[in-house]
Number of protein chains: 2
Amino acid sequence: MVKTGETVKKLSRKGYRLTPQRLMILEAVDGADDHISAEEIYAQVCDQYPNLNISTVYRTLELLKELELVTETDLGDGRVRYHNIKKGHHHHLVCHRCGNIIDMDEAVLSPLKAALLMQYGFNAELRHLAIFGLCKECK
Amino acid sequence: MVKTGETVKKLSRKGYRLTPQRLMILEAVDGADDHISAEEIYAQVCDQYPNLNISTVYRTLELLKELELVTETDLGDGRVRYHNIKKGHHHHLVCHRCGNIIDMDEAVLSPLKAALLMQYGFNAELRHLAIFGLCKECK
DNA sequence: TATGCAGATGCAAGGGGTTGCAATTGCCAA
DNA sequence: TTGGCAATTGCAACCCCTTGCATCTGCATA
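Bear in mind that the values here come from a model prediction, so they are computed numbers and not experimental data.

**A look at the domain arrangement of chain A**
Residues and elements named next belong to chain A. In terms of domains, chain A is made up of domain 1 (4–85) and domain 2 (91–133). Distance between the C-alpha centres of domain 1 and domain 2: 24 Å. Counting from both sides, the interface comprises 10 residues of domain 1 and, opposite them, 7 residues of domain 2. Across the domain 1 to domain 2 interface the summed buried area is about 660 Å²; carbon plus sulfur atoms make up 65%. Looking at the side of domain 1 facing domain 2, the largest losses of area belong to Thr71, Thr73 and Leu75, adding up to 55% of the total buried there.

Following this line, the structure appears as structure tokens:
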């Protein structure tokens, strides 16, 4: 997404309509510093436009995922979070004892990606992965 | 789980009660050839004991996860599946175009596990992972 | 600028899963 | 064998998310 303007152009070019709901959701995702949940987007947009329906938020996020403008991560708290894809691919190590979340560099996964391609011909999409386990302190 | 009997002993030893509901759920998980969903377990046990509540199934599966007797996998179809841990650790490559599921050897993940331990001191629990992407045919 | 319609929205119902609480019941100790 | 109590269950309500459907509306076209 980088800038909302670019996303708007991309949507328009592909024939998607630029409804006010969509534009406001876009802005909310884009304005979020880090991972934001659908509920948070909903609450934020509702301040200006209380008619918004939560299903519109989910449908818009689904669309943005398909267009590869956001990624989705499940950090294991029963609530999926979304993230502007242009703010960088990154991954998380989630400690299921203390709940701590460590950011992990994308490079750590490169050998795995390569191995999967070589051994299985499988093109893994490791855009935004969460790996569970125990952190240094809890182990 | 290997045999239901062993699991029963483990539960008993740890002070968990052996209720008929639990025993029947255990048997269903153990009898399943491959991954089984909570709903499937519920339906199966209900044949003999129609009083069973689905939340008991979920709570029992939660317990079995904690005791490391089953693993949980989300193959992306909106329904989590369970698998007897003793039938071997394995992982899946899920093609999100054709839906094909390729079984993946555990060994492929060993370098990743080692790298995470070395670089982050993080002890990853990669028991039953699903990796999404495009398979050979769809790529 | 007015028109038509495919795409988008709101609504309500539904699906998978979780949780608080009161009632029930394994199981230990007497 | 019985009594007591903490673990377990069933129930109902709830949470997050998805979906079918009727209505509405951006936007291309005339």
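**Structural notes on the packing of helix H3 (residues 38–48) of chain A against helix H4 (residues 54–66) of chain A**
Residue and element names in this part refer to chain A. Axis separation between H3 and H4 bottoms out at 9 Å; the angle between their running directions is 120 degrees. The pairing of H3 with H4 is recorded here as oblique in orientation. Both H3 and H4 take part in a crossing whose hand is right-handed. Seen from H3, the contacting residues are Ala38, Glu39, Ile41 and Tyr42; seen from H4, they are Ile54, Val57, Tyr58 and Leu61.

**Here we look at the protein's contact with DNA strand C**
Every one of the 20 residues lining DNA strand C counts as a neighbour, but Arg17, Arg22 and Thr56 of chain A together with Tyr58 and Arg79 of chain B are closest to it. Among atoms of DNA strand C positioned within 4 Å of the protein, sugar and phosphate together represent 64%. For DNA strand C, a phosphate oxygen lies 3.2 Å from a polar atom in the backbone of Asn53 of chain A. At a separation of 2.7 Å, a phosphate oxygen of DNA strand C approaches a polar backbone atom of Val80 of chain B.

**Considering the relation of the copies chain A and chain B**
Turning chain A through 180 degrees and shifting it by 0.0 Å along the axis lays it on chain B, with an RMSD of 0.1 Å. Expressed as an axis order, the relation between the two copies is that of a two-fold axis. In terms of proximity to the rotation axis, the leading residue of chain A is Leu112 of chain A, whose C-alpha is 3.3 Å off the axis. By residue overlap, the copies meet face to face through one surface: 100% of the interface positions of chain A are interface positions in chain B.

**As for the protein's contact with DNA strand D**
Neighbouring residues of DNA strand D: 20 residues in total, closest Tyr58 and Arg79 of chain A together with Arg17, Arg22 and Thr56 of chain B. Among the atoms of DNA strand D close to the protein, meaning within 4 Å, 65% are from sugar or phosphate groups. In the environment of DNA strand D, a base nitrogen lies 2.7 Å from a nitrogen or oxygen atom belonging to the side chain of Arg17 of chain B. Between DNA strand D and the protein, one listed contact pairs a sugar or linking oxygen with a side-chain N or O atom of Gln21 of chain B at 2.8 Å. Broken down by secondary-structure element, the contributors of at least two residues to the surface near DNA strand D are H4 of chain A together with helix H2 (20–31) and helix H4 (54–66) of chain B.

**Section: the sheet that holds strand S1 (residues 36–37) of chain B**
All names here are of chain B. Strand order in the open sheet formed by 3 strands is S1-S3-S2, with antiparallel pairing between adjacent strands. Both edges of this open sheet fall to S1 and strand S2 (70–74), since each of them pairs with a single strand only. The sheet contact formed by S2 and strand S3 (residues 80–84) spans 5 bridges and is antiparallel. Looking at S3, one finds that Val70 is bridged to Asn84. Sheet strands touched by H4: S2 and S3. Its angle to S2, the strand with the most contacts, is close to 110 degrees.

**Some points on the nonpolar core**
Residues Leu112, Leu116 and Ile131 of chain A together with Leu112, Leu116 and Ile131 of chain B are the most contacted members of the largest nonpolar core, which totals 34 residues. Those residues in contact with Ile131 of chain A, other than ones at most four positions away along the chain, are His92, Leu93, Val94 and Met104 of chain A together with Leu112, Leu116, Phe122, Ala124 and Leu126 of chain B. Judged by nonpolar contacts, the second largest core, of 22 residues, contains Ile25, Leu52, Leu63 and Val70 of chain B.

Calculation rules
Residues numbered from 1 in each chain as written. Chains lettered and ligands numbered in written order. Predicted model: local features only at pLDDT ≥ 70, side-chain atom pairs only at ≥ 80, totals over all residues. Heavy atoms only, no water. Domains from an automatic or database assignment. Contact = heavy atoms within 4.5 Å. Buried area = accessible area lost by both parts, 1.4 Å probe. Axes fitted to C-alpha atoms, helices over the stretch in contact; angles between N-to-C directions. Helix = DSSP H or I, 4+ residues; strand = E, 2+ residues; numbered from the N terminus. Parallel < 35°, antiparallel > 145°, perpendicular 65-115°, else oblique. Left-handed = near helix turned anticlockwise from the far one by under 90°. Near = heavy atom within 4 Å. Polar contact = N/O pair within 3.5 Å; in protein donor to acceptor, adjacent residues only side chain to side chain. Least-squares fit on C-alpha atoms with pLDDT ≥ 70 in both. Pairing = 2+ DSSP bridges. Core = buried A, V, L, I, M, F, W, Y, C linked by side-chain atoms within 4.5 Å. Buried < 20%, exposed > 50% of the residue type's maximum accessible area, 1.4 Å probe, protein only.

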